[in-house]
Amino acid sequence: MGTKGKVIKCKAAIAWEANKPLCIEEVEVAPPKAHEVRIQIIATALCHSDAHILHPKFTKALFPVILGHEGAGIVESVGPGVTNCKPGDKVIPLYMPQCKKCKFCLSPLTNFCAKLSQFKDPIIQQEVMEDKTSRFTCKGKPVYHFLGTSTFSQYTVVSDTNLAKIDDDANLERVCLLGCGFSTGYGAAINTAKQTQSGEDTNCRDPTHLHMATPTFSLKVTPGSTCAIFGLGGVGLSALIGCKVAGASRIIAVDINSEKFAKAKALGATDCLNPRDLQKPVQEVIIDMTGGGVDFALDCAGGSEAMKAALDCTTVGWGSCTLIGVAIGDKGLTVSPIEILMGRTINGTLFGGCKGRDSIPKLVTDYKNKKFNLDALVTHTLPFDKINEAFDLMHQGKSIRTVLTF
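Owing to the predicted nature of the structure, the values given are computational and were not obtained by experimental measurement.

Now for the sheet that holds strand β7 (residues 141-143). The strand order across the open sheet formed by 4 strands is β1-β2-β6-β7, and the pairing between neighbours is antiparallel. The strands lining the two open edges of the sheet, one partner per strand, are β1 (8-14) and β7. When the angles between neighbouring strand axes are averaged without regard to direction, this sheet yields 45 degrees. Where β1 lies against strand β2 (residues 23-29), 7 bridges are found, and the strand directions are antiparallel. When the bridges of β2 are listed, C10 appears paired with V27.

On to the sheet that holds strand β12 (residues 271-273), then. Taken together, the 6 strands give an open sheet; going across it, the order is β12-β11-β10-β13-β14-β15, and neighbouring strands pair in parallel fashion. In this open sheet, the two strands that pair with only one neighbour each are β12 and β15 (345-348). Mean inter-strand twist for the sheet, computed between neighbouring axes without regard to direction, equals 20 degrees. Across 3 bridges, strand β11 (residues 250-254) lies against β12 in parallel orientation. Of the residues in β12, the one forming a bridge with I252 is D271. Running over the sheet, helix α7 (residues 282-290) touches β10 (226-230), β11 and β12 and is turned about 165 degrees from β11.

Most often, soluble globular proteins have nonpolar side chains that are buried together. Counting 95 residues, the largest nonpolar core has F152, V175, L240 and I360 as its most contacted members. At 8 residues, helix α5 (residues 234-246) tops the list of elements feeding residues into this core. With sequence-adjacent residues up to four places away left out, I360 is seen in contact with I92, L94, A164, I166, L178, S183, F351 and K355. If you look at the next biggest cluster of nonpolar residues, it comprises 15 residues, including F230, L273, C313 and C321.

Of note, the bond from F63 into P64 is cis; its omega dihedral lies within 30 degrees of zero at -5 degrees. Examined against the element boundaries, P64 turns out to sit in the loop between α1 (48-54) and β4 (71-78). Not every positive phi belongs to a glycine, and K132 is a case in point at roughly 70 degrees. As for its placement among the helices and strands, K132 is situated in the loop between α2 (114-117) and β6 (136-138). Residues other than glycine seldom take positive phi values, yet F351 does so here, at roughly 60 degrees.

Definitions and limits used
- Each chain carries its own residue numbering, running from 1 in the direction its sequence is written.
- This being a predicted model, a pLDDT of at least 70 is required before a residue's local features are given, and a value of 80 or more before pairs of side-chain atoms are given or counted; all residues contribute to the totals for chains, interfaces and linings.
- The side-chain values count all of the structure's non-hydrogen atoms but skip hydrogen atoms and water molecules.
- A pair of strands is labelled paired if DSSP reports no fewer than 2 bridges between them.
- The way it works is that DSSP assigns letters per residue, a run of H or I at least four long becomes a helix, a run of E at least two long becomes a strand, and they are numbered from the N terminus.
- Axes here mean lines fitted to C-alpha atoms, for a helix over just the part in contact, with angles spanning 0 to 180 degrees between N-to-C directions.
- In this description, contact between two residues means that some pair of their heavy atoms is separated by no more than 4.5 Å.
- Here, the term nonpolar core denotes a set of buried Ala, Val, Leu, Ile, Met, Phe, Trp, Tyr and Cys residues that are joined through side-chain atoms within 4.5 Å.
- Each residue is placed in one exposure class: buried if its accessible area under a 1.4 Å probe, protein chains only, is under 20% of its type's maximum, exposed if it is over 50%, and partly exposed if it falls in between.

Shown next, in the form of structure tokens:
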């Protein structure tokens, strides 16, 4: 492309400090070093995790930083040793690395990677490249990376373990959602990051043909099961799509914003509940509706109140509560041991249990084959320069996903 080995000057949105709008700046993006890839970002979407870093209560963030982790683009150049992509390839950057060599990557029990597992808080990891330096410079100062991706830049540099090569005909303005939101919610519903009785790894696979191999106590939604989903943002609606694809017979959608219910029902929700409109706690209403509680509850909202309601609304004996959302400054979940002794399980998921380099290309193919509808999740498309307007739409609850294009 004529830029290989050279510094590229381009525009990026920089967070100079917490609780302030992002600034569109000219940045310098250094060439990729060994096992690194420089990507031209074509489209990127906003996620609440980007906003977490800007929250005044989040004290672990380093500034200045280029946020963004839900993007898609084209490989501009590669560093020495890169074999999994080449210039011109379409790719999706991944905040969940997959080195394919460590004990986690070699296990069917998890989608974690040793490159990530060293961090106690994944939202603040991968702030620089492996050589402890940044590839971004602005006004003579180095700028931190975010989640190993930094997609709020026209060009970014990622590790070759942090990207998935996808089909050449993929629609980047839609599949960018696979970088986080959709994969997290959808994967939480359809995946079990565990072995089935047959020993088969079902990671990000079509669940409809696997129910005969599913163990009695499954962490993934099973055909004919009942589900409750708390929080109907991009992740929650993606989880709803996953429950529908998995064959759930009843899907109860819960949110404090009733304006989201029409979209939820269009995507497969059988019931919608606004806790603020009820005469008693939402978990008690769900228990009454389902004759004792749902088989699966997925908390995509975060916050102790939502997490507790999600756990409480699951049935005794085998109810499964999956925690997906995180709320800044929340005190966490307090659980009585008797709730667990009665047969309920609590589990968490990061990136929906997807092993990114293996799973994301398959999800791109599934989208092209119309197995699920990403288009329904994109409520706004804006030019990149209007990124602060996109944040406002998210905070006001007026958008599900806003896609920014360069």
